[in-house]
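Listed below, chain by chain, are the residues.
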Amino acid sequence: MSVQISDEEDLITSEQSPRFKKVPTLAAAITQIVLSLAQIILVFLLPSLYDKHAREGRSFGSFSLLIYTHGAHWAAFLIIDQFLHHHHHKSRLQGYLEFYVRTKNIRRAPFYILSVGNAVLMIVVMILHDLCDSDKSCSHTFTKVDYLRGLITLESLVVICLVVSYILILTDFHNKQLPPDVLRNDLNSSIMQNTSQDDVIGCLEPDQMVEVLERQAEMIRYLHEHSENLGRKILVLTSQLSQKERMA
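Being a predicted model, the structure only gives us computed values, none of them experimental. (Residues numbered from 1 in each chain as written. Predicted model: local features only at pLDDT ≥ 70, side-chain atom pairs only at ≥ 80, totals over all residues. Heavy atoms only, no water.)

K.L.:
Residues and numbers for the overall build of the protein, please.
P.N.:
The helix and strand tally for the protein stands at seven helices and zero strands. The helix and strand sequence of the protein, counted from the amino end, reads α-α-α-α-α-α-α. The 248 residues of the protein split such that 32% are buried. Looking at the protein alone, contacts between residues at least 24 apart form 83% of all its contacts between residues at least 6 apart. (Helix = DSSP H or I, 4+ residues; strand = E, 2+ residues; numbered from the N terminus. Buried < 20%, exposed > 50% of the residue type's maximum accessible area, 1.4 Å probe, protein only. Contact = heavy atoms within 4.5 Å.)

K.L.:
So what's going on with the side chain of histidine 70? Residues and values would help.
P.N.:
Among the structural elements, histidine 70 can be located in helix α3 (residues 62-93). Its relative accessible area of 1% is what places histidine 70 among the buried residues.

K.L.:
How would you summarise a nonpolar patch on the surface if you had to cite specific residues and measurements?
P.N.:
A cluster of nonpolar side chains, contributed by Leu26, Ile30 and Val34, occupies part of the molecular surface with about 240 Å² of accessible area. Secondary-structure assignment places isoleucine 30 in helix α2 (residues 26-52). Given a relative accessible area of 43%, isoleucine 30 falls into the partly exposed group. (Patch = residues over 30% accessible without salt bridge, like charges linked within 9 Å, V, L, I, M, F, W, Y side chains within 5 Å. Areas by Shrake-Rupley, 256 points an atom, 1.4 Å probe, with all protein chains shown as cover. Salt bridge = Lys/Arg side-chain N within 4 Å of Asp/Glu carboxyl O.)

K.L.:
Break down the nonpolar core for me, citing the residues and quoting the values.
P.N.:
Counting 19 residues, the largest nonpolar core has Phe99, Val163, Tyr166 and Ile167 as its most contacted members. Taken together, the elements giving at least two residues each to this core come down to α2, α3, α4 (97-131) and α5 (141-176). Here the element with the most residues in this core is α5; it accounts for seven residues. In contact with valine 163, not counting residues within four places along its chain, are Ala29, Gln32, Ile33 and Pro110. The next biggest cluster of nonpolar side chains, apart from the first, holds twelve residues, and it includes Leu46, Phe63, Leu128 and Val145. (Core = buried A, V, L, I, M, F, W, Y, C linked by side-chain atoms within 4.5 Å.)

K.L.:
Account for α4, with residues named and values stated.
P.N.:
Between its first and last C-alpha atoms α4 spans 51 Å; for 35 residues at 1.5 Å apiece the expected length is 51 Å, and the two agree. Its axis deflected by about 40 degrees at threonine 103, α4 carries its strongest bend there. (Expected span 1.5 Å × (residues − 1). Bend = angle between axes of the 7 residues up to and from the residue.)

K.L.:
How would you sum up the pattern of salt bridges? Please name residues and give values.
P.N.:
Per the counting criterion, the structure on display carries two salt bridges. Measuring nitrogen to oxygen at the nearest pair gives 3.3 Å for the salt bridge that ties aspartate 146 to arginine 149. Taken together, the residues span about one helical turn, with aspartate 146 and arginine 149 both in helix α5 at a distance of three residues.

K.L.:
Outline unusual backbone geometry, supporting the account with residue identities and numerical values.
P.N.:
Even without being a glycine, glutamine 177 presents a positive backbone phi close to 50 degrees. Mapping glutamine 177 onto the fold places it in the loop between α5 and α6 (185-195).

K.L.:
I'd like to hear about the environment of phenylalanine 77, residue by residue, with values.
P.N.:
When you line up the elements, phenylalanine 77 lands in helix α3. Separated by 38 residues in sequence, phenylalanine 77 and serine 115 place their C-alpha atoms 9.7 Å apart. Sequence-distant contacts of phenylalanine 77, that is, excluding residues within four places in its chain, are made with Gln32, Leu35, Ser36, Pro110, Phe111, Leu114 and Val159.

K.L.:
Tell me what's going on with α3, and back it up with residues and numbers.
P.N.:
In this model, α3 (32 residues) spans 46 Å end to end at C-alpha, consistent with the 46 Å of a helix rising 1.5 Å per residue. Phi for glycine 95, located one or two positions after α3, is positive at around 105 degrees.

K.L.:
Tell me about the packing of aromatic side chains, and please be specific about residues and values.
P.N.:
Applying the stated criterion to the full structure yields four aromatic pairs. Judged by centre distance (4.0 Å) and plane angle (15 degrees), the ring pair of phenylalanine 99 and phenylalanine 173 falls under stacked. Here phenylalanine 99, found in helix α4, pairs with phenylalanine 173, found in helix α5; they are 74 residues apart in sequence, far enough to count as distant. Accessibility classification places phenylalanine 99 together with phenylalanine 173 in one group, the buried group. The positively charged end of arginine 92 is found above the aromatic ring belonging to tyrosine 100, 5.3 Å away from the centroid. (Phe/Tyr/Trp six-rings, centres within 6.5 Å; stacked < 30°, edge-to-face > 60°. Lys NZ or Arg CZ within 6 Å of the ring centre and 35° of its normal.)

Listed below in structure tokens is the structure:
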């Protein structure tokens, strides 16, 4: 019976005084920046170093090698994106809805940009294959590589800017160490104060309407998943109680 009571006390106290938990994604974001910088350096150094020591028996050149490295770069971002998704989903379940909404798009953007970059590179490769390979004046390898240098450098710079913005939001979130949004009345009250000026209720600006609806949707999702978790805990505690009653 003491075990049952302690489980119930843990459940109640964890809901009454939740502790702030950091989102452990800073290292993953820094890894994204390092990978992007490495990709920029690689796209300039690899062609000169590889072609300088190239042999006649090699089946592919620096142009093909850059395509392969970009594919590996995309795969690394895929793994990191799944890691970020896991921890942000976990943070949302803990009640930090505003942080989840603020970082939802900027967190996903680097992987989406790389996915679009893969599609663009595929189109560029086919265009260069159809046009440059048949034209002797355009058949030099470094002419193809120059196109990749421009696209990959632009892509990596945009990704770096997005990841830096994400790190700033994440650092601000960690420094404030606010309680879960579901326990903060200032969030909903601040929105309602801005939307109830001149005693007019319901007249919202488009941006405010989107913000309110998005927060309400996240709140509904949180309450639904939280109620399911509580239901599972109640079932576990009920089964433990019944087992102890049988043993008694």
